[in-house]
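Okay, here's what each chain looks like letter by letter:
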Amino acid sequence: MDKKFIEESKKYLMNTYNRSPIVLRKGRGMKVWDSSGKEYLDFLAGIAVNCLGHCHPKVVIALQKQAQRLLHVSNLYHIEPQLDLAKLLVDNSFADKAFFCNSGTEAVEGAIKLARKYAKDHISPERHEIITCYGSFHGRTYGALSATAQEKLHEGFEPLVPGFIYVPFNDITALRKAVSKKTSAIMIEPIQGEGGIRMPSADYLQQVRELCDENKILLILDEIQTGAGRTGKLFAYEHFGITPDIMTLAKGLGGGAAIGAILATDSVAVSFEPGSHGSTFGGNPLACAAAAATIEALLEDGFILDNCLRIGQYFFNGLEKLKKDFSSSILEVRGLGLMLGLELTKAGGPIVESCAKRGILINCTSGNVLRFTPPLIIVEKEIDQLIDALEDIFERNL
Ligand SMILES: *Cc1c(COP(=O)(O)O)cnc(C)c1O
């Protein structure tokens, strides 16, 4: 039955994803089930989206209640759940103002527009360039794609949006050299996600912040993957002793509902006026109700964030031990909280498949980096199951 379903899927849907031959039907917490009833432990969680696990009761109830009350009215009116969410984000971050959209790439588009407009309004009209890092991922629409410094993603889609300058990640000297009178902003992921879970070196982000301050350049942090508790703090910048001027969020923000956000300080946000930017569905009641419930749950007693840090360390140690035992297959363990990567000496695709056969969903990014972004409610026993499975796979195959 699945075979026919998958064939039809290929017939009717554009061929944009390398999908596993698995039809998922149901999820609860750490687990998902396919159409035959087979159970999986989900270490990908919708690519770092289901931060509270699948169908968390608080998110589901918030959605149900909101669905009965009001689905959509546009941003030409005030909407209660949108203000609730904005307050939660502003009260718990560097920011003074929020803007809501529907996805990560859209948040990046808005951040690019805001940075350019701010720099032109307040610094100098020739300031339009944005510097980004090789290996970054900022999204698939034209502005965000042009900001993404990965040539393989650009191929066939040129010409790109002008005004983006690329430098190596973790190279403050290169960044200093790239800054000019035309620079409006530097946009960075605090930890590169799609690029292979790459950590910033010690002091790098602080040096970037200083460079921005010295040159009146805005710092945009793309926390679409690292935000919403993923690294054990509500936002990853909290680990690094800096604050951005603009931050983008999406992925985990809605606990499974589609939503994106731009957060900014007041002094920057003033550059958006009525007519500058907008979105029909952005900040709609349903998405905001889900996101508000998600952020509330993440902040409650700090329990989930503490678990993320503690269990993230346990997970990291387990992967380190695996690396010691299989040093010919594993190059490095990287990451923070529950955003972890295992760099392999060869392509990770076959291991992803072997894990799926054993009822564990993981993902491979950047060709040879196994990526683990499980729900933040994961417990030790579930991590042990993954480590045992990987051990068995490495023992047999590699
Ligand atoms: C996933 C991701 C995006 C793009 O988000 P979409 O919702 O897929 O458009 C942008 N930046 C980062 C850091 C991401 O991880």
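Residues numbered from 1 in each chain as written. Predicted model: local features only at pLDDT ≥ 70, side-chain atom pairs only at ≥ 80, totals over all residues. Heavy atoms only, no water.

Draft legend 1. Examining the domain arrangement of the chain more closely. Considered domain by domain, the chain is made up of domain 1 (2-55 + 302-395) and domain 2 (57-301). On a C-alpha basis, the centroid separation for the pair domain 1 and domain 2 is 26 Å. Listed as interface residues are 29 residues of domain 1 and, on the opposing side, 33 residues of domain 2. At the boundary of domain 1 with domain 2, total buried surface from both sides reaches about 2600 Å², with 62% on carbon and sulfur atoms. On the domain 1 side of the interface with domain 2, the three residues burying the most area are Leu305, Leu336 and Met339, jointly 26% of the side's total. Applying the counting rule to domain 1 against domain 2 returns one salt bridge. (Domains from an automatic or database assignment. Contact = heavy atoms within 4.5 Å. Buried area = accessible area lost by both parts, 1.4 Å probe. Salt bridge = Lys/Arg side-chain N within 4 Å of Asp/Glu carboxyl O.)

Draft legend 2. Structural context of the layout of surface pockets. Of the pockets and cavities examined, the second largest pocket occupies roughly 840 Å³. Lining the second largest pocket are 32 residues, with Asn75, Gln82, Ala98, Phe99 and Phe100 positioned closest to its centre. If one sorts the elements of the lining of the second largest pocket by residue count, helix H4 (residues 80-91) sits on top with six residues. Partitioned by chemical class, the residues of the lining of the second largest pocket number 16 nonpolar, eleven polar and five charged. (1 Å grid on protein atoms, 1.4 Å probe; cavity = no way out; pocket = protein on both sides within 12 Å on 5 of 7 lines; lining within 4 Å. Points joined across faces, edges and corners; volume = space filled by probe spheres on them. Helix = DSSP H or I, 4+ residues; strand = E, 2+ residues; numbered from the N terminus. Nonpolar A, V, L, I, M, F, W, Y, C, P; charged D, E, K, R; others polar.)

Draft legend 3. Layout of the sheet that holds strand S8 (residues 218-222). Strand order in the open sheet made by the seven strands is S4-S10-S9-S8-S7-S5-S6, with mixed pairing throughout. Looking at the sheet topology across the chains shown, the edges are occupied by strand S4 (97-101) and strand S6 (164-167). Averaged over all neighbouring strand pairs, the angle between strand axes comes to 20 degrees, with direction disregarded. Direction of pairing for S4 relative to strand S10 (residues 260-264): antiparallel, over a ladder of five bridges. Its bridge partner lying in S10, Lys97 is registered against Ala264. Sheet contacts for H4: S4, strand S9 (246-249) and S10; angle to S4, the most-contacted strand, approximately 130 degrees. (Pairing = 2+ DSSP bridges. Axes fitted to C-alpha atoms, helices over the stretch in contact; angles between N-to-C directions.)

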